[in-house]
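Residue strings, one per chain:
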Amino acid sequence: MRRRSFLSTTVMSVAAATALSAWAMPASARPRARPASGPVVLIDWDGIDPRYLDAHLDSRLPHLRSLSERGSRSTAACTYKAVSNPNRAGLATGARPRVHGNAAYVLDPARGRVIGQTRDIAAETVAQSLRRQGRSVLSAGWYIIQDKGVSFGDPEGLYTQGDTWEDNVDTVVRVLRGLPVDSGGTEAQMPRVPDLIAVYAADIDALGHADGPTSQRIPSRLAELDTGLGRITAAVREAGLQHDTTFVFVSDHGMTGYTESVEPRVLGALSATGHTVRRLHSGQEPDPGTEIVVTATPRAANVYLRGAADTPQGRERIKGALRGVVELEAVHDRAALDSMGAAAAEGDFVVEARPPYAFVDPDAVDGRERGAHASLREATVPLILSGAGAAKDHSPRKARVIDVIPTISRLLGVEPPADAEGRVLTEALRPPFAASQSD
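Everything in this summary refers to the structure shown in the same document. (Residues numbered from 1 in each chain as written. Predicted model: local features only at pLDDT ≥ 70, side-chain atom pairs only at ≥ 80, totals over all residues. Heavy atoms only, no water.)

### Description of the sheet that holds strand β20 (residues 380-387)
Consideration 1: Strand order in the open sheet made by the 7 strands is β2-β20-β10-β1-β9-β5-β6, with mixed pairing throughout. Edge positions in the sheet fall to β2 (71-77) and β6 (157-160), since each of these pairs with one other strand and no more. Ignoring which end each strand starts from, the neighbouring axes of this sheet average 15° apart.
Consideration 2: Relative to β6, strand β5 (residues 137-140) runs parallel, the two sharing 4 bridges. Directly across from L138, in β6, lies its bridge partner L158.
Consideration 3: The strands touched by helix α7 (residues 165-176) are β1 (40-45), β5, β6 and β9 (196-201); relative to β9, the strand with the most contacts, the crossing angle is about 165°. (Pairing = 2+ DSSP bridges. Helix = DSSP H or I, 4+ residues; strand = E, 2+ residues; numbered from the N terminus. Axes fitted to C-alpha atoms, helices over the stretch in contact; angles between N-to-C directions. Contact = heavy atoms within 4.5 Å.)

### Quick look at the nonpolar core
Consideration 1: With 43 residues, the main nonpolar core has L42, W142, L196, L383 and I408 as its most contacted residues.
Consideration 2: Mapped onto this core, the elements with two or more residues apiece are β1, α4 (84-93), α6 (126-132), β9, β10 (246-250), β20 and α13 (404-412).
Consideration 3: Counting residues in hydrophobic clusters, the runner-up holds 41 residues, among them V41, L67, A140 and V169. (Core = buried A, V, L, I, M, F, W, Y, C linked by side-chain atoms within 4.5 Å. Buried < 20%, exposed > 50% of the residue type's maximum accessible area, 1.4 Å probe, protein only.)

### Looking at α7
Consideration 1: Between its first and last C-alpha atoms α7 spans 17 Å; for 12 residues at 1.5 Å apiece the expected length is 16 Å, and the two agree.
Consideration 2: Within α7, 11 of the 12 residues are buried, leaving the element largely enclosed by the surrounding structure.
Consideration 3: Among the residues of α7, those classed as buried are W165, E166, D167, N168, V169, D170, T171, V172, V173, V175 and L176.
Consideration 4: For α7, the side-chain oxygen to backbone nitrogen distance between the N-cap and E166 is 3.3 Å, and the N-cap itself is T164.
Consideration 5: G178 sits one or two positions beyond α7 and adopts a positive phi of about 80°. (Expected span 1.5 Å × (residues − 1). Polar contact = N/O pair within 3.5 Å; in protein donor to acceptor, adjacent residues only side chain to side chain.)

Don't take any of this as a statement about function, it's just geometry.
This is how it looks when you write it as structure tokens:
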């Protein structure tokens, strides 16, 4: 892993100072229809289980701890299922999967086959919303909005993709200093400090999958991510924006360990109902005669009923068979999925494995713990609000991931994305952001 030197918080280059003075006037002169703070820096670290911060916030994460101490630290509920791209699409749009349409590891009716993760979004993203309202966005590796309001080389909606978190941090620091950055192989320069800066890291999710949530590699990498966060906060201070910037820290899902496969028990129970059953993986299509199709990501599986299985009697029989599998801790029927705002592509049932079980090939487990997500166990993430618009020690009530972008929109003085379902977390904001004429 490449390491970058920590940037001085007291010395600015002449070039950086000149660039900052050059864009100060356009940034301050922009009309504000509502009370507004800016910029907002959105920090999204993939796969951060809330337990990680419980264990390491005090000892290993001084910069993240400082943000939480100057604002509020709580948790937010994910959308269903707790898989990266559907949840990150929910974060980007403020809407649940039934609205934005992104679903993963499902039998896609439009394609007629099983899909893994995609970046398809059928709702307006925060980047599109901000651009529509005359604001600017920088996405440093926050891939979910690429070509949906930000793109390579666009100085008002700039997308960059570093190989590492450190690369993404470099981009943010350079933009805050008024310097050009690499954007898809070409040099690009933003004309002013962007209203929204979104920066992403994938590392902790990868470690959790490989080693499980108790991985000994997670604490040290968290500390390195925190060092990068410190570089961003230092660059904000260098730019003289420390009193105007709000930081939002969030993730997309937690992580649960597994060591055993539940697939034989589930497939056996379904076969015992007398219907033909097939477990499909990404890219595969069901045979015409298959009556029950099963797709899965390790912590949850989807069940699709077809032909003779797709009757009221068949549905009840199959539900009973699934509920009889003691290695499952939840069976969600279509009514339950609808109540959670799940995508239509999730099918007739979603079932969740009881730890230490997962929906994996039995030959792929060897007793060593690995990690996965998708179930309600992993559907809670950390949420930290800090800085100009955040009220100290005022935690939001029953926050959801889909509430984050409406809240950021309030801080920036703009309307939320057109399809947003989430609310503004007013109880965690300072006046005048805590209330408006529409509240």
